[in-house]
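Fold and contact review
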Amino acid sequence: MRKISIQIYFSLLLLLWGSELYAQNAEKKKKPAPLTPKEQQMLTTLTEKEEQYATLAKEIWSLAELGYQEEKSAQRLQQTLQEAGFSITPSVAQIPTAFVASYGQGEPVIGILAEFDALPGLSQEAVPERKIRVEGGAGHACGHHLFGTASVAAAIAVKDWLQNTGTTGTIRLYGTPAEEGGAGKVYMVRAGLFDDADVMLHWHPSSKNTANAASSLANKSAKFRFYGNAAHASAAPEQGRSALDGVEAMNMMVNMMREHVPSESRIHYVITKGGEAPNIVPEFAEAFYYVRHPEMQMVKDIFDRVVKAAEGAALGTDTRLEYEVIHGVYNVLPNETLAALMFKNLQRVGGVQYTPEEEAFAEKIRTTFDVGKTTIDAANEVEPYKVEAKGSGGSTDVGDVSWMAPTAGMTAATWVPGTYAHSWQAVAAGGTSIGSKGMMVAAKTLALTALDVFKDPSIATQAQAELLEKKGADFKYESLLGDREPPLDYRK
Ligand SMILES: [Zn+2]
Ligand SMILES: [Zn+2]
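About the cut-offs
Residues numbered from 1 in each chain as written. Chains lettered and ligands numbered in written order. Predicted model: local features only at pLDDT ≥ 70, side-chain atom pairs only at ≥ 80, totals over all residues. Heavy atoms only, no water. Donors = N, O, S within 2.8 Å, 3.2 Å for Na, K, Ca; no water. Helix = DSSP H or I, 4+ residues; strand = E, 2+ residues; numbered from the N terminus. Buried < 20%, exposed > 50% of the residue type's maximum accessible area, 1.4 Å probe, protein only. Pairing = 2+ DSSP bridges. Contact = heavy atoms within 4.5 Å. Axes fitted to C-alpha atoms, helices over the stretch in contact; angles between N-to-C directions. Expected span 1.5 Å × (residues − 1). Arc of directions from axis to C-beta. Core = buried A, V, L, I, M, F, W, Y, C linked by side-chain atoms within 4.5 Å. Polar contact = N/O pair within 3.5 Å; in protein donor to acceptor, adjacent residues only side chain to side chain.

We now examine the coordination of the zinc ion (ligand 1). Distances from the zinc ion (ligand 1) to its protein donors, namely Cys142 (SG), Glu180 (OE) and His422 (NE2), fall within the range 2.0 to 2.3 Å. Written as a sequence motif, the donor residues of the zinc ion (ligand 1) are C-x37-E-x241-H. Between the zinc ion (ligand 1) and the zinc ion (ligand 2), a separation of 3.2 Å is found, and both are coordinated by Cys142. One end of the pair, Cys142, is in the loop between strand 3 (109–114) and helix 5 (144–165); the other, His422, is in the loop between strand 14 (411–413) and helix 13 (424–430), and 280 residues separate them in sequence. Its relative accessible area of 8% is what places Cys142 among the buried residues. Residue classification places His422 among the partly exposed residues on the basis of a relative accessible area of 39%.

Right, let's talk about the sheet that holds strand 13 (residues 407–408) for a bit. Paired through backbone hydrogen bonds, the strands of a sheet run either parallel or antiparallel to each other. The 6 strands lie next to each other as 1-2-4-3-5-13, forming an open sheet whose pairing is mixed. Across the chains shown, the open sheet's two edge strands, defined by having one partner strand only, are strand 1 (87–89) and strand 13. Summarising the sheet, strand 5 (residues 199–201) and strand 13 pair through 2 bridges and their orientation is parallel. If you follow Leu201 over to strand 13, its bridge partner there is Ala408. Strands in contact with helix 4 (residues 71–83) are strand 1, strand 2 (99–105) and strand 4 (169–175); relative to strand 2, the strand with the most contacts, it is inclined by about 10°.

Quick look at helix 9 (residues 296–317) now. The end-to-end C-alpha distance of helix 9 is 32 Å, a good match for the 32 Å that 22 residues give at a rise of 1.5 Å each. Of all the positions in helix 9, only Met296, Val299, Ile302, Phe303, Val306, Val307, Ala309, Ala310, Ala313, Ala314 and Thr317 are classed as buried. Looking straight down helix 9, one finds that the buried residues subtend no more than 155° of arc, so they occupy a single side. The exposed residues of helix 9 that point more than 90 degrees off its buried face are Lys308, Leu315 and Gly316. Contacts made by the buried residues of helix 9 are with strand 8 (218–227), helix 8 (243–257), strand 9 (266–273), strand 10 (284–293), strand 11 (320–329) and helix 12 (398–404). Downstream of helix 9 by one or two residues, Asp318 has phi in the positive range, about 55°.

The nonpolar side chains of a soluble globular protein tend to be buried with one another. One finds Leu81, Phe86, Ile171, Leu173, Leu201 and Trp203 to be the most contacted residues of the largest nonpolar core, which totals 77 residues. Counting residues per element, this core draws most heavily on helix 14 (residues 433–455), at 13 residues. If we ignore the near neighbours within four places in the chain, the residues touching Phe86 are Leu81, Ala101, Ser102, Tyr103, Ala155, Ile156, Lys159 and Ile171. Core analysis: the second largest hydrophobic core is formed by 57 residues, Val189, Ala197, Val329 and Tyr477 among them.

This part takes up the environment of Ser123. Here Ser123 lies in the loop between strand 3 and helix 5. Here the alpha-carbon distance between Ser123 and Gly139, two residues 16 residues apart in the chain, equals 4.3 Å. Polar side-chain contacts of Ser123 include one of 3.3 Å to the backbone nitrogen of Arg133.

Right, let's talk about the coordination of the zinc ion (ligand 2) for a bit. Looking at the zinc ion (ligand 2), one finds its protein donor set to be Cys142 (SG), His144 (NE2) and His204 (NE2), positioned 2.0 to 2.3 Å from the metal centre. Sequence positions of the donors to the zinc ion (ligand 2) reduce to the motif C-x1-H-x59-H.

Structure representation (structure tokens):
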């Protein structure tokens, strides 16, 4: 009897000891390893330079230059990189504002993406109520002024660390213009600029701190132009052929098609030109279409069916059709190897802590939109890690990059929790210290993630194996926008 109870006692002890060990291991997994003194030094330097980078971001915020017209913004970022010792290749891929900055030698080659284009019509002061800064002007409603600056800050921090530690490898900063509908990165991918990149990192301004293995929707757009014959709509209608009829017939057929496409598909259009006056049979009409789906191949197939509807519409209305592909982007291929690493580093860095003034700004601006279930504290929290293999919502030209090299991204709370992208509230917070604090969270997380790969290049090999498995061995890149030239005047 006594023997049994001693046995039970020891088993219990073993069990407790085991679970203690398990708890310690789980804790180890949860808590990343402490930083080395040189990593710590890199973060300290970034913190010291926060004001300098905040000034640069504010300058780009004030310039608010539109896609492919970001001359001054691109210039300021290149100048900062050049002064830090990077060599610059300006005007790549036949785009005056696209550039590549590089430092170091050999492998691995780690690239960081930097966007800097603004959005039309969203000019706003850095105040918590709607106040237009420049009438009819543009605004950084997607926070790309922070995006570009944080990525440059991260690249410079990594360069200093490579130099201080004598580590082999190349750090590159890709200046990628016209993300908003201009698909700048796709032309850069097409020009082969990412062919030798081992790992690509990026981030995006947001109202949350996240680092997920998340996808996005593939997207292809085109303008469908119909040409008819003008005639008096009442006195000689038989002489006329209505281009607007072409557009309407096309729209009707596409709207019927909606029932016969996979449910995650998105097709949206606007009529950009519909005629001049009811008493003139319209000679010219135009519809602008977007087709989206989580899978790039499905976008290609649905887009071809939309073209067939347009051709059928032209035939039936005796009009002539021309169409021009405007842009096309792949879905993002998430890379779990890199995403987990990025998440670990985001946890190390942590979120954004507001001062009482920033909190007052946040509270005031939150009265101007539906805050839902969000709380202000979310700015200081890191959301749990998620894997979302199937994209939903938006599209990005990071998609094409992610099929070329394993790619990971994150978001930082540069906007007050609950804020949506492309809103005046995003412009407002992005122009304050709330924006620049979030920007530094991104800069630090990106830099630490690059360091991890430089210290252990086998991570790049593992990430590449994952990419190869996901895209398939026989994958050959073909841009969704075909061989069209960059639409340098699409915002003019
Ligand atoms: Zn955007
Ligand atoms: Zn954006």
